[in-house]
Amino acid sequence: MKARAFSYFRAHTIGEALEAHASAGDDARFIAGGQSLVPALALRLQAPRTLIDINHIAELRGITRDGEWLRIGALTRHCEMLTDPLIAEFAPLLRATAPFVAHPAIRNRGTFGGSVALADPASEFPAMVLALDAEIEIAGASGLRRVKADDFFTDLFETAIAPGELLVAVHVPLFKAGQRIAFDELARRRGDYALVGCGLLATCRGDLIERLRIAFFSVGNVPTRARHAEAALTGSRIDATRIAAAQAALDEDLAPADSDDVPAAMRLHLARVLLGRLLGRIGEAA
């Protein structure tokens with residue numbers, strides 16, 4: 001199939017993009033990397049009247065340190081997560097995640113902001129934004145606002161972004177001494193959507209976990225924090241008993257649905273296995 005006919009507008013400022021969307025009403029879509037939108041257009045799963053190209057908006061570019069935050073512009077390509085020194089130093093969980101995102105051709109075009117805004121529950125970066133306790137900067141008719149990641153993902157492919165608003169940047173707290181990260185996913189083939197994936201950020205004092213954020217993907221309608229598993233580990237040292245307790249707590253945290261190819265029980269089992277591996281790595285780092 002081919003996409004339906006549409007109008008094209010190239011925006012050079014955030015204001016122009018918002019104005020163009022307001023003029024087109026709900027029948028418009030922003031496009032940057034297009035790695036999700038273009039296939040949807042080709043299959044006529046989406047058929048907007050207007051496409052608004054945001055690739056030339058300078059305010060959406062750049063990775064900069066802003067006080068105690070790392071500001072990652074929405075147009076940052078996935079491949080930049082692998083090469084940018086600020087990402088490596090201040091957001092190493094994103095650096096560890098990037099090689100697992102699709103394939104090189106997609107990483108060269110796909111944008112970080114687009115992935116977060118789409119909120120595909122099987123995608124890596126939305127869940128890692130949740131693990132990092134990031135804040136999402138959104139532009140709209142009333143100006144700029146920031147939404148915590150815990151409040152951003154609301155339902156399947158739904159977020160706190162209102163119609164006509166634009167994701168501008170993601171703000172990530174700077175990685176600090178005493179923090180440790182781990183990421184991994186289980187997939188049939190490298191680059192495929194994961195059967196289950198997980199990333200975590202632990203703040204430690206010696207071998208004692210003071211704070212912990214664990215985020216899973218491919219286990220439900222939204223990226224999911226494992227709050228009961230976090231509680232089972234917070235304030236303790238990682239050992240076999242605590243790992244087993246955290247794995248058991250996933251029964252309360254995760255509720256994957258049955259699918260034709262992966263039963264819910266299998267996905268939950270894989271989540272337990274994956275969490276055990278990641279906690280083992282954190283424990284070894286101590």
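Scroll up a little and you will see the structure.
Keep in mind that this is a model prediction, so the values were computed, not measured.

1. Quick notes on the sheet that holds strand β13 (residues 208-217)
Thinking step 1. A sheet is described by the order of its strands in space; here four strands give the open sequence β11-β12-β13-β14, paired in antiparallel fashion. Across the chains shown, the open sheet's two edge strands, defined by having one partner strand only, are β11 (179-186) and β14 (224-225).
Thinking step 2. Packed onto the sheet, helix α12 (residues 264-285) meets β11, β12 (196-205) and β13 and runs at close to 150° relative to β11.

2. Structural notes on the packing of aromatic side chains
Thinking step 1. Evaluated as defined, the whole model comprises four aromatic pairs.
Thinking step 2. Ring plane angle 10° and centroid distance 6.0 Å describe the contact between F183 and F217, whose orientation is recorded as stacked. One end of the pair, F183, is in strand β11; the other, F217, is in strand β13, and 34 residues separate them in sequence. Just as F183 is buried, F217 falls in that class too.
Thinking step 3. Cluster of aromatic residues (ring-pair linked, three or more members): F100, F183 and F217.
Thinking step 4. Lying over the aromatic face of W69, R146 brings its terminal NZ or CZ to 5.0 Å of the ring centre.

3. Brief notes about the side chain of E124
Thinking step 1. By secondary structure assignment, the location of E124 is in helix α8 (residues 124-131).
Thinking step 2. One buried charged residue, E124, forms no salt bridge at all, with the nearest opposite charge on R190 at 7.7 Å.
Thinking step 3. Beyond its immediate sequence surroundings of up to four residues, E124 is in contact with T97, F100, V101, F183, E185 and F217.

4. A short note on the packing of helix α11 (residues 240-253) against α12
Thinking step 1. The interhelical angle for the contact between α11 and α12, taken along N-to-C directions, is 150°, at an axis separation of 9 Å. By the angle between their directions, the pair α11 and α12 is classed as roughly antiparallel. α12 is crossed by α11, and the crossing has right-handed handedness. Of α12, the residues touching α11 (which contributes I243, A246, Q247, L250 and D251) are L268, A271, R272, V273, L275, G276, L279 and G280.
Thinking step 2. Across the contact of α11 with α12, the residue classes tally to eight nonpolar, three polar and two charged.

About the cut-offs
- Residues numbered from 1 in each chain as written.
- Predicted model: local features only at pLDDT ≥ 70, side-chain atom pairs only at ≥ 80, totals over all residues.
- Heavy atoms only, no water.
- Pairing = 2+ DSSP bridges.
- Helix = DSSP H or I, 4+ residues; strand = E, 2+ residues; numbered from the N terminus.
- Contact = heavy atoms within 4.5 Å.
- Axes fitted to C-alpha atoms, helices over the stretch in contact; angles between N-to-C directions.
- Phe/Tyr/Trp six-rings, centres within 6.5 Å; stacked < 30°, edge-to-face > 60°.
- Buried < 20%, exposed > 50% of the residue type's maximum accessible area, 1.4 Å probe, protein only.
- Lys NZ or Arg CZ within 6 Å of the ring centre and 35° of its normal.
- Lys, Arg positive; Asp, Glu negative; His and termini not counted.
- Salt bridge = Lys/Arg side-chain N within 4 Å of Asp/Glu carboxyl O.
- Parallel < 35°, antiparallel > 145°, perpendicular 65-115°, else oblique.
- Left-handed = near helix turned anticlockwise from the far one by under 90°.
- Nonpolar A, V, L, I, M, F, W, Y, C, P; charged D, E, K, R; others polar.

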